[in-house]
Amino acid sequence: MQIISDQLRSGRKIIGFVPTMGFLHDGHASLIRKSKEQCDVTVVSIFVNPTQFAPNEDLESYPRDIESDKLLLRKNNVDFLFLPSAEEIYPPNFNTYVEVFGLTNKFEGEFRPTHFKGVTTIVAILCNIVKPHKTYFGQKDAQQACVIKKMIKDLQFDFDLVICPTVREPDGLAMSSRNAYLTNDDRQKALLLSQSLDEAKKLIDAGERNALIIVKKMNNNFIPEKSIHLNYISVVEVDSFSEADILEAGKSYFILIAAKVGKTRLIDNVLVHIK
Ligand code: AMP
């Protein structure tokens, strides 16, 4: 892959890179389409990265279907699939990690304390191999994108990060490989996440500026739903992920939600701009 990337770069090709964990869906395809639009060559990696899963998490059961992934990649005219093995990426004496501090101890970092260290490490490794000019990440994982942005800035990585909007199912559920875990019943209940975000957005459109009131109203939706276990609901500033109190004109915020629906942990968010 490094040799291919060197050849592409010496041929003045702009390399776009979409890192994924596979079980691809239209959310991934939207990143690919954006890369195809902006770059000469698009590389997609599929690697279920063990270091971003804690021992009690779903590494073993994470959904995998490489043949249908390859079909999606072909359909979208992806130029290269980079499909390394865990042994190639993490040989027995591997002992170097990349860690962003501060941003990574709240929200997802609180519930998954070792997660972001694994994410930044694998993104650093993959980008040193693929040598992209531009990388594509989903707003679906907004905190992840923010952490990677900080890593790029602090470590002077020489590639751009492009954040693409969240792609949803027709009923509003954010697409996710983990949706495959949902039972029919859980799948229906999971709609409460995107519905609550919609409700919050409507409150803001109607003039509500108190983040506590917005969060409380969202929380109330979940009280009757015993099979949903909320992890957090919060309104944060887009760059710092610091919790907002009163929403200020001219600023942008993410409304974040994370919950366990049955046995499946889901996250979602919406971006709001205050006029
Ligand atoms: P994953 O395979 O889940 O690690 O995701 C790979 C990339 O796809 C990440 O940058 C995700 O944020 C992005 N992604 C996942 N789901 C969606 C979605 N529904 N819409 C847009 N991007 C997504």
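Residues numbered from 1 in each chain as written. Predicted model: local features only at pLDDT ≥ 70, side-chain atom pairs only at ≥ 80, totals over all residues. Heavy atoms only, no water.

**With respect to the overall build of the protein chain**
Convention followed: Segments assigned H or I by DSSP are reported as helices when at least four residues long, segments assigned E as strands when at least two residues long, and all are numbered from the N terminus. Based on C-alpha atoms, the radius of gyration is set beside the globule rule, defined as 2.2 Å times the residue count to the power 0.38. Exposed residues in this analysis have more than 50% of their type's maximum accessible area, buried residues have under 20%, and partly exposed residues fall in between, with area computed by a 1.4 Å probe over protein chains only. By the convention used here, residues are in contact when the closest approach between their heavy atoms is within 4.5 Å. The protein chains shown are the only cover counted for residues, whose accessible areas, like all others here, come from Shrake-Rupley with a 1.4 Å probe. In this tally Asp and Glu are treated as negative and Lys and Arg as positive; neither His nor the chain ends contributes. Every charge is mapped to an atom, namely NZ of Lys, CZ of Arg, CG of Asp or CD of Glu.
A count of helical and extended segments in the protein chain gives 10 helices and 8 strands. A globule of 275 residues ought to have a C-alpha radius of gyration of about 19 Å, and the protein chain, at 19 Å, matches this closely. For the protein chain, the C-alpha atoms occupy an extent of roughly 55 × 40 × 40 Å along the three principal directions. Here the protein chain holds 275 residues, and 51% of them are scored as buried. Considering only residue pairs separated by 6 or more positions, the protein chain has 72% of its internal contacts joining residues 24 or more positions apart. Total accessible area on the protein chain is roughly 13,900 Å²; 51% of this is exposed by carbon and sulfur atoms. Between the averaged position of the 34 positive side-chain charges in the protein chain and that of its 35 negative side-chain charges there is a distance of 2 Å.

**Thoughts on the pairing of strand β2 (residues 41–46)**
What counts here: The pairing criterion is simple: DSSP has to find at least two bridges between the two strands. The path from the first strand over the helix to the second decides the hand: if it runs clockwise while the strands point away from the viewer, the crossover is right-handed.
Within β2, 6 of the 6 residues are buried, leaving the element largely enclosed by the surrounding structure. The alternating pattern of β2 places V41, V43 and S45 on one face and T42, V44 and I46 on the opposite face, and all of these are buried. In the sheet, strand β1 (residues 15–20) pairs with β2 via 6 bridges, with the strands oriented parallel. Its bridge partner lying in β2, V18 is registered against V44. Read from β1 through helix α2 (residues 26–38) to β2, the crossover connection turns out right-handed. Two strands pair when backbone bridges link them, and β2 and strand β3 (residues 80–82) are joined in this way by 3 bridges, in the parallel orientation. Within the sheet, the bridge partner assigned to V44 lies in β3 and is L81. Regarding the hand of the β-α-β motif, the stretch spanning β2, helix α3 (residues 66–75) and β3 is right-handed.

**Points about the site of the ligand**
Worth spelling out the cut-off: We call a residue near a molecule or strand whenever a single non-hydrogen atom of that residue lies within 4 Å of it. For the purposes of these results, a polar contact is taken to be a pair of N or O atoms within 3.5 Å, where, inside protein, one atom must be able to donate a hydrogen and its partner to accept one; residues adjacent in sequence count only when each atom of the pair is a side-chain atom.
Around the ligand, a shell composed of 17 residues is seen, among which M21, H28, D141, V167 and M175 lie nearest. With respect to the ligand, the backbone of M21 contributes an N or O atom lying 2.9 Å from an oxygen atom. Within the contact set of the ligand, a nitrogen atom lies 2.9 Å away from a backbone nitrogen or oxygen of M175. A total of 490 Å² of accessible area belongs to the ligand in isolation, and the protein chains cover 92% of it. At the level of elements, β1, α2 and β4 (134–138) are the ones that each hand at least two residues to the shell around the ligand.

**Quick look at the sheet that holds strand β7 (residues 252–261)**
Applicable threshold: Geometry is summarised by axes, namely lines fitted to C-alpha atoms with helices restricted to the contacting stretch, and by angles between N-to-C directions that run from 0 to 180 degrees.
Strand order across the open sheet formed by 3 strands is β6-β7-β8, with antiparallel pairing between neighbours. The outermost strands of the open sheet, each flanked by one partner alone, are β6 (228–237) and β8 (264–273). Neighbour-to-neighbour, the strand axes of the sheet open up by a mean angle of 10°, direction not taken into account. Bridging between β7 and β8 involves 10 bridges; their strand directions are antiparallel. Bridge pairing in β8 places F254 opposite L271. This element, helix α10 (residues 211–222), spans β6 and β7 of the sheet and lies at about 165° to β6.

**Quick notes on the environment of I204**
Its place among the elements puts I204 in helix α9 (residues 191–205). For I204, a relative accessible area of 4% translates into the label buried. Linking I204 and H273, residues 69 residues apart in sequence, is a C-alpha distance of 9.4 Å. When neighbours within four sequence positions are excluded, I204 is seen to be in contact with R209, I214, L247, I255, V272 and I274.

**Section: the side chain of R178**
Relative to the elements of secondary structure, R178 occurs in the loop between β5 (160–164) and α8 (184–189). Not counting chain neighbours up to four residues away, the residues in contact with R178 comprise F53, D58, Y62, R112, T264 and R265.

**Some words on the state of the cysteines**
When the sulfur atoms of two cysteines share a covalent bond, that bond is a disulfide. Definition in use: The disulfide definition used here is simple: a pair of cysteine sulfur atoms within 2.5 Å.
Considering all chains together, one arrives at 0 disulfides under this definition. No disulfide involves C39; its nearest neighbouring cysteine sulfur is the one of C164, lying 10 Å away. Note on C39: relative accessible area 8%, which makes it buried.

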